[in-house]
Amino acid sequence: MTNVAFVALACGLIIGLGAIGACIGIGVMGGKYIEASARQPELMNTLQTKMFLLAGLIDAAFLIGVGIAMMFAFANPFGA
């Protein structure tokens, strides 16, 4: 296998594992939000604000990984 094949494999792993991690994280957080708002409905608005803030941060971490993978894919620093 060549360096280009390893870079393509690495890009796929970075994006794929990052997406799986982000989806699991947002799913767990959404479930906990629903559980917390069912227990204390009066806190629903403050919990919702914090939930959306955390969802944005989780997505931002995934998109940073996508950006790094795209850098490897299009501006390959390992040469070909």
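Residues numbered from 1 in each chain as written. Predicted model: local features only at pLDDT ≥ 70, side-chain atom pairs only at ≥ 80, totals over all residues. Heavy atoms only, no water.

Enquirer: Is there a simple way to explain the overall build of the chain in this structure?
Expert: Per the secondary structure count, the chain includes 2 helices and 0 strands. Its C-alpha radius of gyration of 18 Å places the chain more than 25% over the 12 Å reference for a compact globule of 80 residues. Counting only C-alpha atoms, the chain reaches 60 × 20 × 10 Å along its principal axes. Burial analysis of the chain (80 residues in total) assigns 15% to the buried set. Nonlocal contacts in the chain, meaning residues at least 24 apart in sequence, comprise 73% of its contacts between residues at least 6 apart. (Helix = DSSP H or I, 4+ residues; strand = E, 2+ residues; numbered from the N terminus. Rg over C-alpha atoms; globule rule 2.2 N^0.38 Å. Buried < 20%, exposed > 50% of the residue type's maximum accessible area, 1.4 Å probe, protein only. Contact = heavy atoms within 4.5 Å.)

Enquirer: Looking at this structure, I do not really get the UniProt feature "domain: V-ATPase proteolipid subunit C-like" (unreviewed entry) in the chain. What am I missing?
Expert: Following the UniProt record, the feature "domain: V-ATPase proteolipid subunit C-like" (unreviewed entry) maps to residues 9–72 here. Counting secondary structure, residues 9–72 comes out at 94% helix and 0% strand; the distance between its end C-alpha atoms is 11 Å. (UniProt positions renumbered as here; feature names shortened; annotations may be inferred.)

Enquirer: So what exactly am I meant to see when it comes to helix α2 (residues 44–74) here?
Expert: In an α-helix there are 3.6 residues to a turn, and that puts residues three or four apart on one side. End to end, α2 covers 44 Å across 31 residues, agreeing with the expected 45 Å (1.5 Å per residue, within 8%). For α2, the complete set of buried residues consists of M51, A55, G65, A69 and F72. Those residues of α2 hidden inside the fold are in contact with α1 (3–39). (Expected span 1.5 Å × (residues − 1).)

Enquirer: Explanation requested: the UniProt feature "transmembrane region" (unreviewed entry) in the chain in the structure shown.
Expert: UniProt records the feature "transmembrane region" (unreviewed entry) for residues 6–30 and 51–75 in the present numbering. End C-alpha atoms of residues 6–30 are separated by 36 Å, and the span's content is 100% helix alongside 0% strand. Along residues 51–75 one finds 96% helix and 0% strand; the C-alpha atoms at either end are 36 Å apart.

Enquirer: How do you make sense of α1 when you look at a structure like this?
Expert: In this model, α1 (37 residues) spans 54 Å end to end at C-alpha, consistent with the 54 Å of a helix rising 1.5 Å per residue. Within α1, the full set of buried residues consists of V7, C11, A22, M29, G30, Y33 and S37. Buried-residue contacts for α1 involve α2.

Enquirer: Would you explain the packing of α1 against α2 in this entry?
Expert: Two quantities define a packed helix pair, namely the angle between the axes and the distance from one axis to the other. Remark: α1 packs on α2, axes separated minimally by 9 Å, with the N-to-C direction vectors making an angle of 175°. On the basis of the axis angle, α1 is roughly antiparallel to α2. In terms of residue class, the contact of α1 with α2 is built from 22 nonpolar, 6 polar and 1 charged. (Axes fitted to C-alpha atoms, helices over the stretch in contact; angles between N-to-C directions. Parallel < 35°, antiparallel > 145°, perpendicular 65-115°, else oblique. Nonpolar A, V, L, I, M, F, W, Y, C, P; charged D, E, K, R; others polar.)

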